[in-house]
Amino acid sequence: MAKKLLVLGLLAGVAMFVACRAEAAKLNIGDPAPTFSDLIGVDDKKHSLSDYKDAKIIVLIFTCNHCPVAVAYEDRIIALQNDYKDKGVQVIAVNVNNIPADRLDKMKIRAQEKGFNFPYLYDESQKIGHDYGAEVTPHVFVLDQQRKIAYIGSIDDSQNVQKVKTHYLRDALDALLEGKQPPKTVTRHFGCSIKYEKK
Amino acid sequence: MYWRLLALVCLMFPLASVGGCGHPSDYADKQQSSLPCCAGGGLRFPPAEQQRAPFGPLPATEQTASSRQSESQGHQSEGQQPGVQPAENQQPNTLKQKPAVDIEIIGGPAFKRVLKKYEGKVVLVDYWATWCGPCVEMFPKTVELHRRLAERGLVVLGVSMDDPDDKPQVAEFLAQHGAIFPNYLSRYGVGAESAEAFGVGVLPTYKLYDRAGQLVKEYSGAGIDTAELAREIEKLLEQP
């Protein structure tokens, strides 16, 4: 009897541990960045994190086509890539939504219309979204040279360009490029919720 | 059926206007001029009777009084019952009119004070935005919860995370949905500053507070189980 209870208790403990681990899938600053490989891009090529090993810093942005907030940030992302390209910063945009407006064919159209100057990848399996704990579009993860998470959150503090007071992402990049800690390593992410499929 | 259509229209508008050019400011500019009339300024806390009334035959309260845009103004008269005041402005409702809704533009600290005010009640806050598809889809559920459970002591508050410039559009949406509970609009507009101030990242987010003012449940994202939400509310309502 006592043995049985002990086993049960142990099992419960393990179950709780597993449950907690599952809950804590969210990344923290300093965590190694989850890797990804062979994600199809709007260029019809496959992209892996290792393809970008020359980049000093990677800005991974979860975004999509249909979301007005994500759309409002497109120009800012293009400008960011332009401004930081020579400093060794590589933007990678990823979409994991599978609704018709966000699928690869539509992504291609959008990328062309806007002239995206960064890879725009599609993960139909949504795995990369789960791995990073991405919740909204746009949701930003900055990977430092060691490919550790250095910043998580928003691009800036307002969707309305004219109302932006703090450029969180640019501030973080500037600091990282100088070998410093970003002034804010985590900001509130804000946007349209990513449509994860129920398993 | 009807609300689905509405939802689509409401969703399409920002999409259409932001989509082409990518300057979000254009969106605000365009919208500002389109519907200048529907903003009801003053009515912050509708009197209990009005809150409970079914949303059909409510009188329209076109507020002419200056709208309470600033936080501090909106909270001067703690002692009075501000909700009584608009009764003077009531007009006979001969035409088939939408119910009166009210929106106050508000910041984080002021909203905390609002929540404090409702201690002793079960409070459901719906954080939403007209540009957020799932929010628009869920909104009728919020209205229904209010309609069904307000009498039993549920307080429903809506906080829109649209641009303050789009207040007329938000008001229009609320009126169309019969959202006669107190409604607020984040003064910080769309973006992380709003998210920070209200502690909300994903829209929609429902926050449910018990009578002690403690946050007990939080639901967010697309695909919220509204049946579970309703059960949780009812459970809290049963507690003294």
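What counts, and where the lines are drawn
Residues numbered from 1 in each chain as written. Chains lettered and ligands numbered in written order. Predicted model: local features only at pLDDT ≥ 70, side-chain atom pairs only at ≥ 80, totals over all residues. Heavy atoms only, no water. Helix = DSSP H or I, 4+ residues; strand = E, 2+ residues; numbered from the N terminus. Polar contact = N/O pair within 3.5 Å; in protein donor to acceptor, adjacent residues only side chain to side chain. pLDDT = per-residue confidence, 0-100. Contact = heavy atoms within 4.5 Å. Axes fitted to C-alpha atoms, helices over the stretch in contact; angles between N-to-C directions. Parallel < 35°, antiparallel > 145°, perpendicular 65-115°, else oblique. Left-handed = near helix turned anticlockwise from the far one by under 90°. Buried < 20%, exposed > 50% of the residue type's maximum accessible area, 1.4 Å probe, protein only. Salt bridge = Lys/Arg side-chain N within 4 Å of Asp/Glu carboxyl O. Core = buried A, V, L, I, M, F, W, Y, C linked by side-chain atoms within 4.5 Å.

## Focus: the side chain of Gln81(A)
Tracing the backbone through its elements, the reader meets Gln81(A) in helix H2 (residues 68-84). Among the polar contacts made by the side chain of Gln81(A), one reaches the side chain of Gln90(A) at a distance of 3.5 Å.

## Here we look at the confidence of the model for chain B
A residue-level look at chain B finds 59% of positions with pLDDT of 70 or above and a mean pLDDT of 70. Note that residues 1-96 of chain B has pLDDT below 50 and, in this model, 148 contacts with residues that lie over four places away or in other chains.

## A word on the packing of H2(A) against helix H5 (residues 168-177) of chain A
All names here are of chain A. Taken N-terminus to C-terminus, the directions of H2 and H5 make an angle of 15°; their axes are 12 Å apart at the nearest point. Put simply, H2 runs roughly parallel to H5. Both H2 and H5 take part in a crossing whose hand is right-handed. Here Ala79, Leu80, Asp83 and Tyr84 of H2 lie close against H5, whose contacting residues are Leu169, Arg170, Leu173, Asp174 and Leu177.

## Observations regarding helix H7 (residues 167-177) of chain B
All names here are of chain B. Along H7, 10 of the 11 residues are buried, which leaves the element largely enclosed by surrounding structure. Those residues of H7 lying buried are Lys167, Pro168, Gln169, Val170, Ala171, Glu172, Phe173, Leu174, Ala175 and His177. Positive phi appears at Gly178, one or two residues downstream of H7, with a value of about 65°.

## A few points about the pattern of salt bridges
Residue and element names in this part refer to chain A. The full count for this structure, using the stated rule, is 19 salt bridges over all chains. As a salt-bridge pair, Asp75 and Lys114 come within 2.8 Å of each other at their nearest N and O atoms. Of this pair, Asp75 sits in helix H2 while Lys114 sits in helix H3 (residues 104-114); the two residues are 39 residues apart in sequence, bridging distant segments of the chain. Here Arg103 ties to Glu124 by a salt bridge, and the two come within 2.7 Å at their closest N and O atoms. Taken together, the residues Arg103 in the loop between strand E4 (89-95) and H3 and Glu124 in the loop between strand E5 (120-122) and helix H4 (127-132) connect sequence positions 21 residues apart. Residue Arg103 is classed as partly exposed on the basis of its relative accessible area of 29%.

## Some words on the nonpolar core
By size, the foremost hydrophobic cluster in this structure holds 91 residues, and its most contacted members are Val142(A), Phe111(B), Leu157(B) and Leu203(B). Ignoring sequence-local partners within four residues, the contact set of Leu157(B) consists of Phe111(B), Val114(B), Leu115(B), Tyr118(B), Val123(B), Leu124(B), Val125(B), Asp126(B), Phe181(B), Pro182(B) and Tyr184(B).

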